[in-house]
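# What the coordinates show
The chain contents come next:
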Amino acid sequence: MEKGSCSMKKIELLSPAGDYKSLEMAIDAGADAVYVSLKSYGARAFAPNFTMDEIKSAIKLCHLYGVRLYVTMNTLIKDTEVDDFLEKVKFLYLEGVDALIMQDLGMICLVRQMYPDLEIHASTQLHNHNNEGIKALKDLGVTRIVLDREMTLEQIENINVDIEKEVFIHGALCNSYSGCCLFSSLNGGRSGNRGECTQPCRLPYKLIKNGKYVNTENKYLLSTKELNTINNFDKLLNSSITSFKIEGRMKSPSYVGYITRIYRKLIDNYQKNSKEVITKEEENNLKILFNRSFTNGYLFSDKVMNISSSNHQGLEIGKVIDITPKKIKIKLSDNLYQEDGLRFKQSNKGMIANFIYNEKNLLINKAGKGDIIYLDNKINLKDKDILVKTSSPYLDKEILSISEKK
């Protein structure tokens, strides 16, 4: 497919919403569709999620703006839950939900029998990765598959079943195969297939080889980076994929709004054959909002592991050039605002920039690239270090002030 011809096929930007504010932000930022969950049966049980009344309002709000709303009913269902599950499906159907995202094959069969005109999308939890399995889902009446995060773009293109393809383009990655991980269930008694993953892959581990401990410099041996496809997004738009999905029902409204805005810009520019790209400032903002280091993911055969840390990495904004028991002297390489969340990279000590001083020891509320500033040494920092920004109320305020969609 040649550049610009994606306008000839259906293109959908699909955003997450773990709460109502995130839903509003996704709509205002230009999402074509939003996926949410009820208080039960969704694979993100610890997100705020939506009450029945909120879902009713959400469907109306989305449809007012021509946005589709999908509800994730993508956990494995126990026998004792079937009646309640089907009652909630009936409620969603009557309220006019656009699709259900499902994992449980038995429930897919039942829902298809009861509501043959209700659209069903096969969750990534179904481990959708080959023609045979996807053909079987299509035969059941599934209209869309959410493909495994472990697949390369080439493998996705080799899926030749006539069905809509949906792919994750930004956000958290799992260490294991989609829908096939029992680590949390066995290790912590909470199943990922029930939406309750404890994320044990984010914990530190020791490596044992031939019965002996191996001294590893890094300890987060199972932790993955964050997916970020902005630099290869044109290749995805040129593919057979029709829905581009952002991960993040556990993320903040400002995160949802900004990531949606970035990919909306990329899609719009591509369809207009515009050469405009994501700016350095926009890339930096992505790092501030959340990243465990970025990767192009399995989609582009990129390295996906970050074994040095499972934390949010933030954005490097300066270097410590002198320390006293009372003050930390820093040369900035990027902007710093009062109330920014900060972490010193090597010591892993954090603080809020409540007070920022200039070289005249006067309080200031912001400073820019190249400036020398001082912070109070309230964390007892002893060694020179790299300063990282991990949060920014200033950025959040800018994102949340986005004009309401008309």
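All figures in this text were calculated on a predicted structure; none of them were measured in a lab.

### What to know about the pairing of strand β7 (residues 164-172)
Within β7, eight of the nine residues are buried, leaving the element largely enclosed by the surrounding structure. Bridge analysis of strand β6 (residues 144-146) against β7 gives three bridges, and the strand direction is parallel. Of the residues in β7, the one forming a bridge with Arg 144 is Glu 164. Strand direction decides the pairing type here: β7 and strand β10 (residues 226-228), joined by three bridges, are antiparallel. Looking across to β10, one finds that Gly 171 is bridged to Leu 227.

### A short note on empty space enclosed by the protein
Using the criterion set out here, one finds two cavities of 30 Å³ or more in the structure. Taken as a whole, the largest cavity holds about 60 Å³ of empty space. In terms of lining, the largest cavity is formed by Leu 147, Asp 148, Arg 149, Val 167, Phe 168, Leu 173, Leu 227, Gly 297, Tyr 298 and Leu 299. Looking at the lining of the largest cavity residue by residue, the class counts come to seven nonpolar, one polar and two charged. Counted as a void, the second largest cavity has a volume near 30 Å³. Residues of the lining of the second largest cavity, tallied by class, amount to three nonpolar, one polar and two charged.

### Some points on the nonpolar core
Counting 95 residues, the largest nonpolar core has Leu 23, Met 73, Phe 85, Leu 100, Val 111 and Phe 344 as its most contacted members. Residue contributions to this core peak at nine residues, all from helix α9 (residues 253-271). Those residues in contact with Met 73, other than ones at most four positions away along the chain, are Leu 38, Tyr 41, Phe 85, Lys 88, Val 89, Leu 92, Leu 100, Ile 101, Met 102 and Gln 103. Residues Ala 33, Tyr 35, Ile 101 and Val 146 belong to the second largest nonpolar core, which totals eleven residues.

### Some remarks on the packing of helix α1 (residues 20-29) against helix α2 (residues 52-64)
It is at 11 Å that the axes of α1 and α2 come closest, and there the two elements cross at 5°. What the angle tells us is that α1 and α2 run roughly parallel. For the pair α1 and α2, the contacting residues are Tyr 20, Leu 23, Glu 24 and Ile 27 in the first and Glu 54, Ser 57, Ala 58, Leu 61 and Cys 62 in the second. Here the contact of α1 with α2 is built from residues that sort into six nonpolar, one polar and two charged.

### A word on helix α5 (residues 131-139)
You can read the cap of α5 off the contacts: a side-chain oxygen lies 3.3 Å from the backbone nitrogen of Glu 132, and it is on Asn 130. Of the residues flanking the end of α5, it is Gly 141, one or two places downstream, whose phi is positive at about 105°.

### Describing the pattern of salt bridges
Close approach of charged atoms lets side chains of opposite charge pair. In total, this model carries 21 salt bridges according to the counting rule given. The structure contains a network of salt bridges with shared partners spanning Lys 10, Glu 12, Arg 68, Glu 119, Arg 144, Glu 164, Glu 166 and Lys 245.

### Some details on unusual backbone geometry
Working note: non-glycine residues mostly have negative phi, and peptide bonds are mostly trans. Residue His 127 is not a glycine yet carries a positive backbone phi of 60°. When you line up the elements, His 127 lands in the loop between β5 (120-122) and α5. Residues other than glycine seldom take positive phi values, yet Asn 210 does so here, at roughly 55°.

### Quick notes on the side chain of Ser 22
Tracing the sequence through the fold places Ser 22 in helix α1. When neighbours within four sequence positions are excluded, Ser 22 is seen to be in contact with Pro 16, Ala 17, Lys 251, Ser 252, Pro 253 and Val 256.

Rules used throughout
Residues numbered from 1 in each chain as written. Predicted model: local features only at pLDDT ≥ 70, side-chain atom pairs only at ≥ 80, totals over all residues. Heavy atoms only, no water. Buried < 20%, exposed > 50% of the residue type's maximum accessible area, 1.4 Å probe, protein only. Helix = DSSP H or I, 4+ residues; strand = E, 2+ residues; numbered from the N terminus. Pairing = 2+ DSSP bridges. 1 Å grid on protein atoms, 1.4 Å probe; cavity = no way out; pocket = protein on both sides within 12 Å on 5 of 7 lines; lining within 4 Å. Points joined across faces, edges and corners; volume = space filled by probe spheres on them. Nonpolar A, V, L, I, M, F, W, Y, C, P; charged D, E, K, R; others polar. Core = buried A, V, L, I, M, F, W, Y, C linked by side-chain atoms within 4.5 Å. Contact = heavy atoms within 4.5 Å. Axes fitted to C-alpha atoms, helices over the stretch in contact; angles between N-to-C directions. Parallel < 35°, antiparallel > 145°, perpendicular 65-115°, else oblique. Polar contact = N/O pair within 3.5 Å; in protein donor to acceptor, adjacent residues only side chain to side chain. Salt bridge = Lys/Arg side-chain N within 4 Å of Asp/Glu carboxyl O.

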